[in-house]
Amino acid sequence: MATAATMRRCEITGLSVDRSAERLIMLNAVTAVVYLTIGGVLALLIALTRWQAVHLLAPQRFYEFVSTHGMVMLIFWILFFEVAGLIFASTVLLSTRMVIPWLSWIAYLMMLGGSVIATVLMLSGQATVMFTSYPPLRAETPWYYAAVLVFAVGAILAVVHFFVNIVAARLRGDVGSLPLFTFALMGAAIIALWSLLSGALALFPVFLWALGVIPEVDPGIYRLLYWGLGHGAQQVNLAAMVGVWYGLASLTTGARPLNEGLSRIAIVLYVLFINMGAMHHLLVDPGLGTWVKNVNASYFMYAAVMGSLIHAFSIPASMELALRERGYRRGLFEWLRRAPWGEPGFAALVVSMILFGLLGGISGVIIGGPQVNMISHNTLLVPAHFHMTVVAGTTLAFMGIAYYLVPLIFQRQLLFRRLAQWQPYVYGLGMLIFGIGMGLAGHWGVPRRHWDITFSTAPVLGVNLQELRPEIAVFLAMMGIGGIIAVIGGAMFVAVAVATVFVGQRTARPAVGRIVPEAFSPYPAIAGGSGEPAAAAAHRTFEVPGTLVISVVFLILFIFLYGFSWFELSRVPWKIG
Amino acid sequence: MASRVSALAKPRGVWWEGLGRDERLWVWLTVIWGIAMFLMIAFVWPLIGEEQNRLHAYRVDPATFASQAEAFIQQYQIGQRDGVPVVAPPPGGDVYLDARAFAWQPVIQLKRGETYRFLISSRDVQHGFSLVMPPHSINVQVLPGYVTVLELTPEKTGEFPLICNEYCGLGHHLMIGRIIVTE
């Protein structure tokens, strides 16, 4: 079957590319970007409604759009892109064949069909049940649940095919140890498998209930199963993003992970412990005991957080070492000053890591404690947290790697390079303002998924939260303005991607920078540097002093914010419990 | 030292090696910090904090809960506010809070410094109990068929808006209640 005609050799990376894998990567990636665009337009309209001074949409439209935005962004955009990534990591990157192309086609068609129907139903107001679709709130039509289930089964098939590809490559002898990028995506795929199964287990009874086959669904048990998907899917994003971070570090600075084993252990920590994060949504639910909450909320002893902290160190450390090897050795930070800040992938990596770590990660640990959760559950602080992780972190990292993989896979010259260079900074600035505004509004008690915190249409007992504390208006304005800037940043990415795919000049050798070819080679030649090891006196002194300083500063900030959150809890003017 | 390889390439040969000095230091810091955070939520705060997550819960038939809440309102009602009954439960007693789309019933009047046991449930869909006192709020989940039991001691007088922070339908933003704390 594997005839020469079905494979091409990439002139830049030297990888053998299976044509059918390539087609499916393109299809999934393009579909992902279409959903990103839809979700981005909805994001703008939602942000302009929550910005109370603008208050753009009518209530019903607002709730429909929040429902659609949640599904389109958190599930459709990101899973289509991840499936593209899974196919890439399990075929192209290993120079191996796609084993069962028709399985990937079925997976794609199921995901496409399910997602299109679900999106249409949500936009037409027949499934205004939010991303979470908590029973006994019922969608107008049971077919919404069916559509989501079809999508989930399609995604499960795509994940299964990933494993089939890897096992087959292994049996054929095409691969021994997996590249770290593929290893991280394998972690993501394992998490994806049980999250999708948990989601299907939650939604199937709801579908039967909506059809009238079973009389009721227990809302507490639904929440437990549902969050296996709701949070689990975000942990898929986390593991995939970390893989992309390592990939971007290699693509833009020629970085080679400092300690292969340590980075892989950190990914295994995700697989073993991060599923416990699903319980973060149930910390103030009735029905669960204190110790279930304590153990799960802490990912048991924060083993998964440890995984993230290891990556937060390893990735900059590997870049520091690579840049030091290139000759930038003076002081603690010459390597950082001379880093390729104008390279879109590097900019995306740095902005993504900073926003994910500082705002997304720390806020997640803080509100994931059972006590502090009482002052943050279902406030805007929760979406502020996951916009920093999934939007500023994962989405930006995916955009960053697209600047390299789109030209290589589509064999097109990247268009609007200037726009791509600025894009991560514009997007990051927007998300920073947005996230801080949204987080502060949440801390001040502003609820999520709420049309009007001035309660101007409430028939009784009305109260205006903005009059209670005027600074809330400022926070919501920050959310609106930051949202506009971020949407502009997102549109810049879509413009570059769409232009490149459809009108970029066809070429077998797209310009992707001189480091890219060596990033795919197991025998790296150090381009531009003298080639001698950076740390001549290895083990007498620190190899990556700059990264250690950055990491320790980050940890101090983490400790400070963590302590501050307990201080804030202690200032609640009521005693609880 | 094993040769290191790009994250996008297949490592060859034996790549497993011990941790360098930098990594050892960092890994120890993260282990210590992880354990410190766990001790904080599991043991330290439960000893020193005044705000504890000690929710209890029991299952209930929504109709039963509704009639218990009605009886509670009848027994302790002291007036009305915007047509919503205002009740003043005895200090130290139980407070039934009845959620439905789109209202919290009743308005509750409490005495500062007294501890009350809140019994919160829903008649229809899921709701979110959110007592707003900017820059803070107290939030718990409310499910039909379950009673969320929460002990609260108000230590500040005033009026506290009670809003819903779990989407409960197209009138979600109309759902509001009130807790009044007096001396």
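Criteria and thresholds
Residues numbered from 1 in each chain as written. Chains lettered and ligands numbered in written order. Predicted model: local features only at pLDDT ≥ 70, side-chain atom pairs only at ≥ 80, totals over all residues. Heavy atoms only, no water. UniProt positions renumbered as here; feature names shortened; annotations may be inferred. Salt bridge = Lys/Arg side-chain N within 4 Å of Asp/Glu carboxyl O. Helix = DSSP H or I, 4+ residues; strand = E, 2+ residues; numbered from the N terminus. Buried < 20%, exposed > 50% of the residue type's maximum accessible area, 1.4 Å probe, protein only. Contact = heavy atoms within 4.5 Å. Buried area = accessible area lost by both parts, 1.4 Å probe. Polar contact = N/O pair within 3.5 Å; in protein donor to acceptor, adjacent residues only side chain to side chain. Nonpolar A, V, L, I, M, F, W, Y, C, P; charged D, E, K, R; others polar. Pairing = 2+ DSSP bridges. Domains from an automatic or database assignment.

Under the annotation held in an unreviewed UniProt entry, chain B carries the name Cytochrome C oxidase subunit II and is attributed to Thermomicrobium roseum. According to its UniProt record, chain B has this under Subcellular location (unreviewed entry): "Cell envelope".

(A) How the structure looks around the pattern of salt bridges. Applying the stated criterion across every chain yields a total of 27 salt bridges over all chains. Where Glu-11 of chain A meets Arg-509 of chain A, a salt bridge forms, and the shortest distance between an N and an O atom there is 3.8 Å. Taken together, the residues Glu-11 of chain A in the loop between strand E1 (7-9) and strand E2 (16-18) and Arg-509 of chain A in the loop between helix H16 (471-503) and helix H17 (516-519) connect sequence positions 498 residues apart. When its relative accessible area of 47% is taken as the criterion, Glu-11 of chain A is described as partly exposed. Here the salt bridges share partners, and the residues they tie into one network are Arg-223, Asp-285 and Arg-449 of chain A together with Glu-166 of chain B.

(B) View of the UniProt feature "domain: Cytochrome oxidase subunit II copper A binding" (unreviewed entry) in chain B. Those residues carrying the UniProt feature "domain: Cytochrome oxidase subunit II copper A binding" (unreviewed entry) are residues 92-183 of chain B in this numbering. Each end of residues 92-183 of chain B is marked by a C-alpha atom, and these two atoms are 15 Å apart; helix forms 0% of the span and strand 64%.

(C) Molecular detail of the interface of chain B and chain A. Listed as interface residues are 94 residues of chain B and, on the opposing side, 119 residues of chain A. Around 9900 Å² of area is buried between chain B and chain A when both sides are counted, 66% of it from carbon and sulfur atoms. By the criterion of area lost to chain A, the three top residues of chain B are Arg-4, Leu-8 and Trp-26 of chain B, representing 9% of everything that side buries. As a salt-bridge pair, Lys-575 of chain A and Glu-155 of chain B come within 3.8 Å of each other at their nearest N and O atoms. Remark: the boundary between chain B and chain A carries 43 residue pairs in polar contact (both at pLDDT 80 or more). Among the secondary structure elements, those contributing two or more residues to the side of chain B that touches chain A are helix H1 (21-48), strand E1 (56-59), strand E6 (107-111), strand E8 (127-133), strand E9 (136-142), strand E10 (146-154), strand E11 (158-164) and strand E12 (176-182) of chain B. Looking at the side of chain B that touches chain A residue by residue, the class counts come to 56 nonpolar, 19 polar and 19 charged. Judged from the 3 bridges that link them, strand E3 (residues 574-576) of chain A and E10 of chain B form a sheet pairing that is antiparallel. In the sheet register, Lys-575 of chain A faces E10 of chain B, and the bridge partner there is Thr-153 of chain B.

(D) Inspection of the domain arrangement of chain B at higher detail. Segmentation of chain B into domains returns domain 1 (1-49) and domain 2 (56-182). For domain 1 of chain B versus domain 2 of chain B, the distance between C-alpha centres works out to 45 Å.

(E) Seen up close, the side chain of Thr-389 of chain A. With respect to the helices, strands and loops of the structure, Thr-389 of chain A is situated in helix H13 (residues 381-410). Aside from chain neighbours lying at most four places away, what touches Thr-389 of chain A is Met-241, Phe-356, Gly-360, Gly-361 and Thr-394 of chain A.

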